[in-house]
Every structure is written in C-alpha cells, then in structure tokens.
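Architecture at a glance
Each chain, letter by letter, is given below.
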Amino acid sequence: MAGNSISPETLKFIGLCIESVEQLEILCLLVENSSRDWSVKEIFRVIQSTETSITMGLEKFVKADLAIQNAEFRHRFSAEGKASDAARALVKIYRERPVSVIEAIYSRPTDAVQSFADAFRFRKEK
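Below you will find a few notes about this structure. Note that the structure is predicted; figures quoted are calculated from it, not measured. (Residues numbered from 1 in each chain as written. Predicted model: local features only at pLDDT ≥ 70, side-chain atom pairs only at ≥ 80, totals over all residues. Heavy atoms only, no water.)

Quick look at the pattern of salt bridges
Inclusion rule: Salt bridges, as used here, are contacts in which a Lys or Arg side-chain nitrogen is within 4 Å of a carboxyl oxygen on Asp or Glu. We count a stretch as a helix when DSSP gives it H or I for four or more residues in a row; a strand needs E for two or more, and each element gets its number in order from the N terminus.
According to the stated counting rule, one finds eight salt bridges in the structure shown. For the salt bridge of R95 with E32, the shortest nitrogen-to-oxygen distance reads 2.8 Å. Of this pair, R95 sits in helix α5 (residues 82-96) while E32 is found in helix α2 (residues 21-32), placing the two residues 63 residues apart along the sequence. Between K92 and E96 there is a salt bridge whose closest N-O contact spans 2.6 Å. With K92 and E96 both in helix α5 and four residues apart, this pair spans about one turn of that helix. Three or more residues are tied together by salt bridges with common partners; here these are R36, E42 and R74.

If you want it as structure tokens, here you go:
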C-alpha cells in the first residue's frame, strides 16, 4: 500500500464489521490480547465507553465470527478464519495510521444515512 491508502479488502472489512472507533478499539483489545477472555466490565475499564454499547459491539463480533463468547459471558478473539486475518490487518493499519482508519470508518455512508439522504434527492420532472 502506498502512502496513506487502505487496501480495498480492509475497506470492505471496515464497511461490514466496524461502525465506530469504539468498536475498533474493542476489536484491537481482543486481537492484541487474543489469549485472554474479557468480561464487558473489564473491556469497559479499558475502553471507557458504556457497557451497553460494548455489549452490542461484542454481540456483533460474535455474529461475525470475530469473537467467541464462553459460558461465563466472557469474550475472546476468534483467531481462525478469513475474518480474523482481516481483523489483524486492520488493527495493524490502525496502529500505524489511526487517522486514515478513522476517516475510512466515518467517510462511508451507512445504509440508514444513505437512505435518508436519498429521500431528499431532487429528480427532474418528465
């Protein structure tokens, strides 16, 4: 990758799995401490967000096979599969060029935002 560009694969991963910097920080914590199981409260102490949004982020990661939840509701990074490779690559890029990754997260239109914007598009009358 030249300059500050982010690979199309990483941009696609961001679009599918990361909605906020908070979620990215949770993912970084899981990836960089992949041998540890984390409770929501432990993640909260590090991330300093809200337990509710951390729980929602973890649920999203479990559904995407990026995290595993055990019987005690503790979470660990799922170190297998294509998604986990993409997650590791994203964390590496984020640690090297955080501004580029943050811009990529917030510059992509979400479906709801795009739908709202599309509702106000002016169309030529026939």
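What about the packing of aromatic side chains?
What counts here: The rule is short: rings of Phe, Tyr and Trp, with Trp giving its six-membered ring, pair when the centres are within 6.5 Å, and they are stacked under 30 degrees, edge-to-face over 60, tilted in between. Charge-over-ring contacts are defined here by two conditions on Lys NZ or Arg CZ: a distance within 6 Å of the ring centre and an angle within 35 degrees of the ring normal.
One pass over the structure, following the stated rule, counts zero aromatic pairs. For R36, the ring lying beneath its charged end belongs to W38, and the centroid distance is 3.6 Å.

A closer look at the nonpolar core
Stated precisely, the cut-off is as follows: Only buried Ala, Val, Leu, Ile, Met, Phe, Trp, Tyr and Cys residues count toward a nonpolar core, and they belong to the same one when joined by side-chain atoms within 4.5 Å. Accessibility here uses a 1.4 Å probe with only protein chains present; expressed as a share of the type maximum, an area under 20% marks a residue as buried, one over 50% as exposed, and anything in between as partly exposed. The contact criterion used throughout is that any non-hydrogen atoms of two residues lie within 4.5 Å.
Core analysis: the biggest nonpolar cluster contains 30 residues, and I18, L27 and V101 have the highest contact counts within it. The element contributing the most residues to this core is α2, with seven residues. Other than its neighbours up to four places away in sequence, I18 contacts F13, Q23, L24, L27, K60, F61, L90, I105 and R108.

A closer look at helix α1 (residues 8-17)
The criterion, for reference: The arc under discussion is defined with respect to the helix axis, by the directions toward the C-beta atoms.
Of all the positions in α1, only T10, F13, I14 and C17 are classed as buried. For α1, the angular spread of buried residues about the axis comes to 100°, placing them on one side. Facing away from the buried side of α1 by over 90 degrees, the exposed positions are P8, K12 and L16.

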